[in-house]
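Descriptive analysis of the structure
Here is how the chains run, residue by residue.
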Amino acid sequence: AWRVYNGLHPTDLHRVFAMNNLGDALGAMGLHRECLPVREDELAVGRVHFPNHTPQIEANLARCHTQLGNYAEALRLRRRVVAAVQKREGPLSRMSLEAARGLANALGDAGETDEQRAVLKQLWPRLRRALGDAHATTLSCGAKLAHALVERGHACSDSVIAEAE
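Because the structure is a prediction, the values reported are computed rather than measured.

1. Details of the overall build of the protein chain
- For the protein chain, the helix and strand inventory stands at 9 helices and 0 strands.
- Each helix and strand of the protein chain, placed in order from N terminus to C terminus, yields the pattern α-α-α-α-α-α-α-α-α.
- Of all 165 residues assigned to the protein chain, the portion counted as buried reaches 39%.
- Within the structure as shown, the protein chain displays about 9,000 Å² of accessible surface, and the carbon and sulfur contribution to it stands at 54%.

Next up, the structure:
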């Protein structure tokens, strides 16, 4: 991937894909410091030449920042991703729902628990409508919401369920 990445013109879409593959491989191997400049370069090229890919590139960069403990930067990127995807795809598209789920995770990582609860409370019913009650993503979001509500001080599971619904 590195050879392909360096050998192509910056405006070649295959170069962006090669950068993405290199970033994915470095991230999968836990080499997040090495991954960061690749993701940043990918974003710089993507913003100029491939703006439709920018939200996905920003989401990848946010994952890298999260792994490095840069939670504020990851949160900033996740907010941008949600805004861009919802504007382009609408608030109920699968891409928008996935972006909102990423934002909720970033809010939790950054310690923004009140806002995380608010996002999860909006997201969970949307996931239930779009994906169904038994979908793994819906169940995961419901569990995170229940956990967030319990952390807020709800001791009774019935009250947690009532507030979640």
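2. Examining the pattern of salt bridges
- A complete count under the given rule lists 11 salt bridges for this structure.
- Here Arg117 ties to Asp114 by a salt bridge, and the two come within 2.2 Å at their closest N and O atoms. On the criterion of helical spacing, the pair formed by Arg117 and Asp114 is a turn pair, its members being 3 residues apart in helix α7 (residues 113-131).
- One network of salt bridges, in which partners are shared, links Asp24, Arg39 and Glu42.

3. What about helix α5 (residues 71-89)?
- When the terminal C-alpha atoms of α5 are compared, their 26 Å separation across 19 residues agrees well with the 27 Å that a helix rising 1.5 Å per residue should span.
- On its buried face, α5 is in contact with α4 (54-67) and α6 (94-109).
- Backbone geometry just downstream of α5 places Gly90 in the positive-phi region, at approximately 95 degrees.

4. Section: the nonpolar core
- Ranked by internal contacts, the top residues of the largest apolar core, which has 22 residues, are Leu103, Leu120, Leu123, Leu127 and Cys141.
- If you list the elements that add at least two residues to this core, you get α5, α6, α7 and α8 (136-151).
- Beyond its immediate chain neighbours, meaning those up to four positions away, Leu123 contacts Leu97, Ala100, Arg101 and Cys141.
- Counting 16 residues, the second-largest nonpolar core is a separate cluster that includes Leu26, Val45, Phe50 and Ala74.

5. Remarks on the packing of aromatic side chains
- One pass over the full model with this rule turns up 0 aromatic pairs.
- Note that Arg128 overlies the ring of Trp124, its terminal NZ or CZ placed 4.7 Å from the centroid.

6. A closer look at the packing of α4 against α5
- At a minimum axis distance of 8 Å, the contact between α4 and α5 shows a crossing angle of 160 degrees. Here α4 is positioned roughly antiparallel relative to α5, judged by the angle of their axes. Between α4 and α5 lies a crossing whose hand is left-handed. Where α4 approaches α5, its residues Pro55, Glu58, Ala59, Leu61, Ala62, Arg63, His65 and Thr66 are matched on the opposing element by Tyr71, Glu73, Ala74, Leu77, Arg78, Arg80, Val81, Ala84, Val85 and Arg88.
- Here the contact of α4 with α5 is composed, by residue class, of 10 nonpolar, 2 polar and 6 charged.

7. Regarding the environment of Asn20
- Its place among the elements puts Asn20 in helix α2 (residues 13-28).
- Look at Asn20 and you get buried, because its relative accessible area is 19%.
- Linking Asn20 and Ile57, residues 37 residues apart in sequence, is a C-alpha distance of 8.0 Å.
- Not counting residues up to four positions away in its chain, the partners in contact with Asn20 are Arg39, Glu42 and Asn60.

Calculation rules
- Numbers given for residues are sequential positions, taken from 1 along each chain in its written order.
- The model is predicted, so local features are restricted to residues of pLDDT at least 70 and side-chain atom pairs to those at 80 or more, both for listing and for counting; the totals for chains, interfaces and linings are taken over all residues.
- With hydrogens and water excluded, all non-hydrogen atoms of the structure serve as input to the side-chain values.
- Here a helix means four or more residues in a row that DSSP labels H or I, a strand means two or more in a row labelled E, and each is numbered from the N terminus.
- Residue burial is assigned from relative accessible area. The probe radius is 1.4 Å, only protein chains are included, and a residue is buried under 20% of its type maximum, exposed over 50%, and partly exposed in between.
- What sets the accessible areas is the Shrake-Rupley method with a 1.4 Å probe; for residues, cover comes only from the shown protein chains.
- Any carboxyl oxygen of Asp or Glu within 4 Å of a side-chain nitrogen of Lys or Arg constitutes a salt bridge here.
- Any helix carries an expected span of 1.5 Å times its number of residues minus one.
- Only heavy atoms enter the contact rule, under which two residues are in contact if any of them lie within 4.5 Å.
- Throughout, nonpolar core names a set of buried Ala, Val, Leu, Ile, Met, Phe, Trp, Tyr and Cys residues whose side chains join them through atoms within 4.5 Å.
- Pairing of aromatic side chains here covers Phe, Tyr and the six-membered ring of Trp, requires ring centres within 6.5 Å, and sorts the geometry by plane angle: under 30 degrees stacked, over 60 edge-to-face, intermediate tilted.
- In our convention, an over-ring charge means Lys NZ or Arg CZ found within 6 Å of a ring centre and within 35 degrees of that ring's normal.
- Every axis in this analysis is a line fitted to C-alpha atoms, fitted for helices over the stretch in contact. Angles between the N-to-C directions lie between 0 and 180 degrees.
- Orientation labels follow simple angle bins: below 35 degrees gives roughly parallel, above 145 gives roughly antiparallel, 65 to 115 gives roughly perpendicular, and whatever is left gives oblique.
- The crossing is said to be left-handed when, going from far helix to near helix, the turn is anticlockwise and less than a right angle, and right-handed when the turn is clockwise.
- Nonpolar residues are Ala, Val, Leu, Ile, Met, Phe, Trp, Tyr, Cys and Pro. Charged residues are Asp, Glu, Lys and Arg, and all others, Gly as well, are polar.

These figures capture arrangement, not role.
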